[in-house]
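Coordinate inspection notes
Listed below, chain by chain, are the residues.
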Amino acid sequence: MFVVKVPYDRGGGEKSFGAKYGPDAIEKAFRRFSWRAAEDGVSHPKVEFVETPQTPYHNTGVSPNLDAFFAAGERSLVVLSGDNSVSRMSAEAVDRFSTDPYLVLLDAHPDAGDPASHDPHASWVRKLWEQHVVRPERTFFFGIRDPEEDEMRYVKESGATLTSSDTLSRISPQVVVSNLMLHKKINPRGGLIFVVDIDVIDPSQAPGTGVLRSPGLELRTVLQLISVFGDMPFSLKVGEISEVIPYEGDMLRPPGDRRPDPAGLTVLAAEAILRQMIRSFA
């Protein structure tokens, strides 16, 4: 299975500064314990890390070259991106090789702001909807807790499905997703774009990211959601991990920006997410 690195962090302004170091830091953590098996003792599939050429994309980010993998017959990938401006281009690639894809976004923010007044990082979901790459009714948000008022109103009116951090603290991910399938909101055919912005996790477990807001999801809940969706028979599955700002990038952040993570908790969380995606999406 391929893990594609896209070290880009210029789509979200100062709040994303340092995220370009995330992909390398996650790979480093993964390789340090490459022998690790899952809790049931089963090892992950063979993994190859690659860094794709980055093509400028209408001054709103870069386009990772995912088409070559899909054209060669790969049915699952994991993308380690810098900021979420990369996520839009990943989704467009999935749309080119599958039918009517689903978008599952684990994020503290819906990233559906008006593109006229928001940077590419904060408006990528809305652009996907406007360009009919993904339909709102096939978009599922988990863990949203820090939206703008007008942005949230737009998301609710669009027909997208939102599951809050509070709901996931009371009801298991398995039950939540089963209810969505029962109401025919999910029919697992076609493609799946599964994006984890690391700020969806509570800052106590992942403090190295652009915007901190407590309380967030527990890491275990995120891993369970990956497992539940990974078990579904989508024809094409792409997982993405974004917004990891490792400790190594601290000295390159703007003056006064204090998001230290000397224990490396954020990278450890991202590594766990990567391992779960590799295992569940393969």
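Below is a short write-up of the structure. Worth saying up front: this structure is predicted, and the values here are computed from it rather than measured.

On to the overall build of the chain, then. Of regular secondary structure, the chain possesses 9 helices and 10 strands. Across the 282 residues that make up the chain, the buried fraction comes to 57%. Nonlocal contacts in the chain, meaning residues at least 24 apart in sequence, comprise 76% of its contacts between residues at least 6 apart. Of the roughly 12,100 Å² of accessible surface on the chain, 52% is carried by carbon and sulfur atoms.

Residue position: Arg-145 is located in the loop between β7 (139-142) and α5 (149-158). This buried residue, Arg-145, is left without a salt bridge; Asp-199 holds the nearest opposite charge, at 5.6 Å. Apart from residues no more than four positions distant in its own chain, Arg-145 is found in contact with Ala-108, Ser-165, Asp-199, Val-200, Ile-201, Arg-213, Ser-214, Pro-215 and Gly-216.

Before going further, it helps to spend a moment on the packing of helix α1 (residues 22-32) against helix α9 (residues 265-281). Interhelical geometry of α1 versus α9 gives an angle of 70° and a closest axis separation of 9 Å. Considered as vectors, α1 and α9 are oriented roughly perpendicular to each other. In contact with Ala-25, Ile-26, Ala-29 and Phe-30 of α1, α9 contributes Val-267, Ala-270, Glu-271, Leu-274, Arg-275 and Ile-278. Residue composition of the contact of α1 with α9, grouped by class: 8 nonpolar, no polar and 2 charged.

With that settled, consider α5. When α5 is considered as a whole, its buried residues turn out to be Glu-151, Met-152, Val-155 and Ser-158. Across the axial projection of α5, the buried residues extend over an arc of 125°, all falling on one side. Facing away from the buried side of α5, by more than 90 degrees, are the exposed residues Glu-149, Lys-156 and Glu-157. In this structure, the buried side of α5 is in contact with α4 (124-130), β7 and β8 (161-163). Positive phi appears at Gly-159, one or two residues downstream of α5, with a value of about 105°.

Turning our attention to the nonpolar core. One finds Phe-142, Phe-194, Phe-229, Ile-273 and Leu-274 to be the most contacted residues of the largest nonpolar core, which totals 47 residues. Every element with two or more residues in this core is listed here: α1, β5 (76-81), β6 (102-106), β7, α7 (173-182), β9 (191-197), α8 (219-230) and α9. Of the residues forming this core, the biggest block, 8 residues, is contributed by α9. Core analysis: the next-biggest nonpolar cluster, separate from the first, contains 32 residues, Leu-105, Trp-129, Val-133 and Ile-193 among them.

Cut-offs used in this document
- Residues numbered from 1 in each chain as written.
- Predicted model: local features only at pLDDT ≥ 70, side-chain atom pairs only at ≥ 80, totals over all residues.
- Heavy atoms only, no water.
- Helix = DSSP H or I, 4+ residues; strand = E, 2+ residues; numbered from the N terminus.
- Buried < 20%, exposed > 50% of the residue type's maximum accessible area, 1.4 Å probe, protein only.
- Contact = heavy atoms within 4.5 Å.
- Areas by Shrake-Rupley, 256 points an atom, 1.4 Å probe, with all protein chains shown as cover.
- Lys, Arg positive; Asp, Glu negative; His and termini not counted.
- Salt bridge = Lys/Arg side-chain N within 4 Å of Asp/Glu carboxyl O.
- Axes fitted to C-alpha atoms, helices over the stretch in contact; angles between N-to-C directions.
- Parallel < 35°, antiparallel > 145°, perpendicular 65-115°, else oblique.
- Nonpolar A, V, L, I, M, F, W, Y, C, P; charged D, E, K, R; others polar.
- Arc of directions from axis to C-beta.
- Core = buried A, V, L, I, M, F, W, Y, C linked by side-chain atoms within 4.5 Å.

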